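# Architecture at a glance
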Amino acid sequence: MINYNESVMNRVAENLKERGFRIKIMTFNSEDIEDWQLYFGHGKALVGVDAMDVLKGIREMSLTDYVNELSREYKEPNEVPNNLTELLKNKDWVKAHLTVRVLPQEEHCRPGRISRDTKFEEIRSFLFLKIRENADTIIGAYLTPELLQEIGIPQDDAWENAYKNVEGACVIKRMKDVLAEEYPGMYDTEVAVASPGLTMSEPELYVITNAAANYGAASILNDETLRDFGEKIYCRKFIAIPSSVHEFLLIRYSDCADDEEVIRNTIRDVNENNVAPRDRLGEFPYLITIDPDAVHVSALKG
């Protein structure tokens, strides 16, 4: 039986087809519509839209208006990728496009997806295959054992390549530099920025993510990245704040050792008022301690 969400996807697809677009709905062998993608276009290459974005669009406007918007904003892709089925047969291509995403364990530990525990309590890592990346949009799928077996890559090899790709894409910047880039002219990089609601006096706040700032919170999982960064700024203890699935925030522990409860309250407030439910990663910070022989992580749940 087709449920409401599937019905919406099919109706949007049919409307686009009536306007002359080629249509393909990719489920990636998943029953969870969150993993689905709607592809449409005129040429060989199709533009992908996340299924959750389709459902959000239909909630915000009528079906006709949403399809009109998709048609109006459609641009023929410059790059024409090979057939997806053929790409999945290319192990080197797959290995180069594997990555890791971190999600809240209690909400996103869905049966079938390949996942692992992390050092960060209540956060789990998932294998993800990036198929196409355009500007701020990444199209891909969470991997299942069946799909990975069909591709012919052992899970351990897949994880190893995915972590290498995460490490290669990692970016750590000062928060004030991020703000200056996003709002040129409004922020001076020489002006210290304190996180709203914290009582600390202008601490240096760092953002750890990936180059696309899209599902970049997994960058926190690499011990060598943390060790190198700690050496760079002469710090062996950090408070790590799960800002969203896209990034972690790092603060020197010495700058906020007495503000754990304030940080927890701030995280909950920001989650409730500023972060979409599907992007929330956690409600408490973590203490990262870098020792000579290991990197330790403990949850500061209060």
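Relevant structure appears above.
Notes on the structure in this doc start here. Just so we're clear, the structure is a prediction, and the values are computed from it rather than from any experiment.

Scoring rules and cut-offs
- Chains are numbered independently. Their residues run from 1 in the order of the written sequence.
- In view of the model being predicted, local features appear only for residues whose pLDDT reaches at least 70, and side-chain atom pairs are presented and counted only at 80 or more, with totals across whole chains, interfaces and linings using the full set of residues.
- Think of the side-chain values as coming from all heavy atoms in the structure, minus any hydrogens and water.
- Numbering of helices and strands starts at the N terminus; helices are DSSP runs of H or I of at least 4 residues and strands are runs of E of at least 2.
- Each residue is assigned to one of three classes by its accessible area relative to the maximum for its type, calculated with a 1.4 Å probe on protein chains only: buried under 20%, partly exposed between the two thresholds, exposed over 50%.
- Contacts are assigned to residue pairs with any non-hydrogen atoms lying within 4.5 Å of each other.
- Note on areas: Shrake-Rupley, 1.4 Å probe, and residue coverage restricted to the protein chains presented here.
- Multiplying one less than the number of residues by 1.5 Å gives the expected span of a helix.
- Two strands are said to pair when DSSP picks up at least two bridges between them.
- Where helices are involved, their axes are fitted lines through C-alpha atoms of the stretch in contact, as for all axes, and angles between N-to-C directions lie from 0 to 180°.

### Side note on the overall build of the protein
For the protein, the helix and strand inventory stands at 12 helices and 13 strands. Buried residues in the protein amount to 48% of all 302 residues. The contacts of the protein with a sequence gap of at least 6 include a subset with a gap of at least 24, amounting to 61%. Carbon and sulfur atoms provide 46% of the accessible area of the protein, an area that totals close to 16000 Å².

### Considerations on helix 8 (residues 155-169)
Note: α-helices contain 3.6 residues per turn, so residues at a spacing of three or four share the same orientation. For helix 8, built from 15 residues, the straight-helix expectation of 21 Å at 1.5 Å per residue is met to within 8% by its first-to-last C-alpha distance of 21 Å. Looking at helix 8, one finds that the buried residues are A158, W159, N161, A162 and V166.

### Things to note about the sheet that holds strand 8 (residues 170-174)
With antiparallel pairing, the 6 strands of this open sheet are ordered in space as 8-9-11-10-12-13. Unpaired on one side and paired on the other, strand 8 and strand 13 (295-299) mark the two borders of the sheet. Neighbour to neighbour, the strand axes of the sheet diverge by 25 degrees on average, direction disregarded. Here strand 8 runs beside strand 9 (residues 205-210); their pairing, made up of 5 bridges, is antiparallel.

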